[in-house]
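# Structural overview for review
Here's the letter readout for the chains.
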Amino acid sequence: RILLTLSSLGLVVQDEATGRYALGLGVLELGAAVPRATDMRDVAAPVLQRLAQETQSTVFLSVYRDGEAMCVARFHGNQPVQVSWWQVGGTLPINCGAAPRVLLAFQRDAVIEQRLRRPLARLTPGSIVEPEALHAALARIRKRGWELATDDVAQGLAAVGVPVRGADGAVLAALSQGGLTPQIVSRGRPRFLAEVQAAAREIEAAVA
């Protein structure tokens with residue numbers, strides 16, 4: 001049964017003459033994707049760690065995976081209250097949080113429309129669950145290049161997210177900074193937006 005499942009996913013193929021199984025092309029495709037995220041995480045780690053310490057907040061690096069945002073790296077500052085809602089390897093709904101919406105905003109139009117045809121999660125009363133409202137949020141992100149989210153993943157928490165681009169301009173990941181809302185937001189704007197954007201540019205230069 002396991003072999004049949006792997007075969008249906010293209011991970012293994014069966015030789016008709018011998019009946020033996022071998023690795024399929026799906027393994028190569030999967031293997032090609034993993035080093036990319038791993039290499040970026042390794043390159044980004046010292047930048048993320050420094051940003052977390054300088055801003056005394058929690059910093060995340062995430063990527064778009066199967067219609068959700070997956071955390072690939074997380075670093076804490078020395079703040080008394082640490083944001084631990086997003087574990088490395090864990091996912092967030094693509095409509096909830098600054099980084100998920102940044103990742104969705106820079107997908108191809110066809111990918112966005114396909115994702116919006118699926119249900120949108122409501123983690124709090126502040127979550128954006130109406131497709132029209134989410135479309136407007138994505139347009140705003142593309143125009144200004146960042147997103148601020150408050151109370152939509154958990155009450156009392158906020159995050160700011162920016163894209164991390166490759167040499168060709170394509171968005172590879174999202175860099176986000178999260179914490180208690182007074183720590184992240186001042187007069188309706190992100191306190192550390194310039195620092196987060198500078199960190200993203202530093203990572204971009206390292207992976208170019």
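Heads up: these notes are all about the structure in this document. Here the structure is a predicted model, which is why all the values come from computation and not from measurement. (Residues numbered from 1 in each chain as written. Predicted model: local features only at pLDDT ≥ 70, side-chain atom pairs only at ≥ 80, totals over all residues. Heavy atoms only, no water.)

## With respect to empty space enclosed by the protein
What counts is decided by this rule: Here a cavity means grid points, on a 1 Å grid over the protein atoms only, where a 1.4 Å probe fits yet cannot get out; a pocket means an open set of points with protein on both sides within 12 Å along at least five of seven lines; lining residues are those with an atom within 4 Å of a point. Grid points are joined across faces, edges and corners, and a volume is the space filled by probe spheres set on the points. To qualify as a helix, a DSSP run of H or I must reach at least 4 residues; to qualify as a strand, a run of E must reach at least 2; elements of each kind are numbered from the N terminus. Residues are grouped as follows: Ala, Val, Leu, Ile, Met, Phe, Trp, Tyr, Cys and Pro are nonpolar; Asp, Glu, Lys and Arg are charged; all remaining types, including Gly, are polar.
In this structure the tally under the stated criterion is one cavity of 30 Å³ or more. For the largest cavity, the calculated volume is near 90 Å³. Lining of the largest cavity is provided by 15 residues; of these, Trp85, Gly97, Ala98, Val153 and Ala159 occupy positions nearest its centre. Of all the secondary structure elements, the ones that give two or more residues to the lining of the largest cavity are helix H3 (98-105) and strand S7 (157-165). For the lining of the largest cavity, the residue count by class is 12 nonpolar, two polar and one charged.

## Focus on the pattern of salt bridges
Quick reminder of the rule: Here, a salt bridge means any side-chain nitrogen of Lys or Arg that lies within 4 Å of a carboxyl oxygen of Asp or Glu. In this scheme, a residue with accessible area under 20% of its type's maximum is buried, one over 50% is exposed, and one in between is partly exposed, where area comes from a 1.4 Å probe on protein chains only.
On inspection of all chains with the given rule, the structure shows six salt bridges. Here arginine 140 ties to glutamate 147 by a salt bridge, and the two come within 3.4 Å at their closest N and O atoms. On the basis of relative accessibility, which here comes to 1%, the residue glutamate 147 falls in the buried class. Taken together, the shared-partner salt bridges connect Arg101, Arg140, Arg144, Glu147 and Asp152 into one network.

## Details of the pairing of strand S8 (residues 171-180)
Our working definition: At least two DSSP bridges between two strands are needed for those strands to be called paired.
Across the 10 residues that make up S8, a large majority, eight, are buried. Sheet topology places strand S3 (residues 58-65) next to S8; five bridges connect them, and they run antiparallel. Residue pairing across strands places serine 62 opposite alanine 174, the latter belonging to S8. Where S7 and S8 come together, nine bridges link them in antiparallel fashion. Residue pairing across strands places alanine 158 opposite glycine 179, the latter belonging to S8.

## A few points about unusual backbone geometry
Despite not being glycine, aspartate 151 shows a phi value in the positive range, around 60°. Mapped onto the fold, aspartate 151 is located in the loop between strand S6 (147-150) and S7. Look at aspartate 151 and you get partly exposed, because its relative accessible area is 27%. Positioned with a positive phi, arginine 187 is a non-glycine residue whose angle comes to about 55°. Counting through the fold element by element, arginine 187 comes out in the loop between strand S9 (185-186) and strand S10 (189-190). Take arginine 187: its relative accessible area is 86%, and that puts it in the exposed class.

## Quick look at helix H4 (residues 109-116)
Rule in force here: Of all possible arcs, the one meant is that of the directions from the helix axis to the C-beta atoms. Two residues qualify as a contact provided that any one of their heavy atoms is within 4.5 Å of a heavy atom in the partner residue.
For H4, the full list of buried residues reads Val111, Ile112, Arg115 and Leu116. Angular distribution of buried residues about the axis of H4 spans 125°; they occupy a single face of the element. Along H4, the residues that are exposed and aim more than 90 degrees away from the buried face are Asp109, Ala110 and Gln114. Buried residues along H4 sit in contact with S3, H3 and helix H5 (131-144).

## So, the packing of aromatic side chains
Heads up, the condition is: What counts as a ring pair is set by centres within 6.5 Å for rings of Phe, Tyr and Trp (its six-membered ring), and what kind of pair is set by the plane angle: stacked under 30 degrees, edge-to-face over 60, tilted for all other angles. Cation placement over rings: the criterion is NZ of Lys or CZ of Arg within 6 Å of the ring centroid and within 35° of the ring normal.
Inspection of the entire model under this criterion finds one aromatic pair. For the pair phenylalanine 60 and tryptophan 86, a centre-to-centre distance of 5.5 Å together with 40° between the ring planes defines the contact as tilted. With phenylalanine 60 in strand S3 and tryptophan 86 in the loop between strand S4 (68-76) and strand S5 (91-93), this residue pair connects regions lying 26 residues apart in the sequence. Above the face of the tryptophan 146 ring, arginine 144 is positioned so that its terminal group lies 3.7 Å from the ring centre. Note that arginine 165 overlies the ring of phenylalanine 106, its terminal NZ or CZ placed 4.8 Å from the centroid.

## What about the nonpolar core?
Where we set the bar: Throughout this description, the term nonpolar core refers to a set of buried Ala, Val, Leu, Ile, Met, Phe, Trp, Tyr and Cys residues connected via side-chain atoms within 4.5 Å.
Among the nonpolar cores identified, the biggest contains 27 residues, and Leu48, Leu61, Val162, Val164, Leu175 and Ile203 are the most heavily contacted of them. Elements supplying a minimum of two residues to this core: helix H2 (25-55), S3, S4, S7, S8 and helix H7 (193-207). Looking at which element gives the most residues to this core, the answer is H2, with six residues. When near neighbours in sequence (up to four residues on either side) are disregarded, valine 162 contacts Val102, Gly145, Trp146, Ala173, Ala174, Leu175, Leu193, Val196, Gln197 and Ala200. Judged by nonpolar contacts, the second largest core, of 25 residues, contains Cys71, Leu92, Val102 and Leu103.

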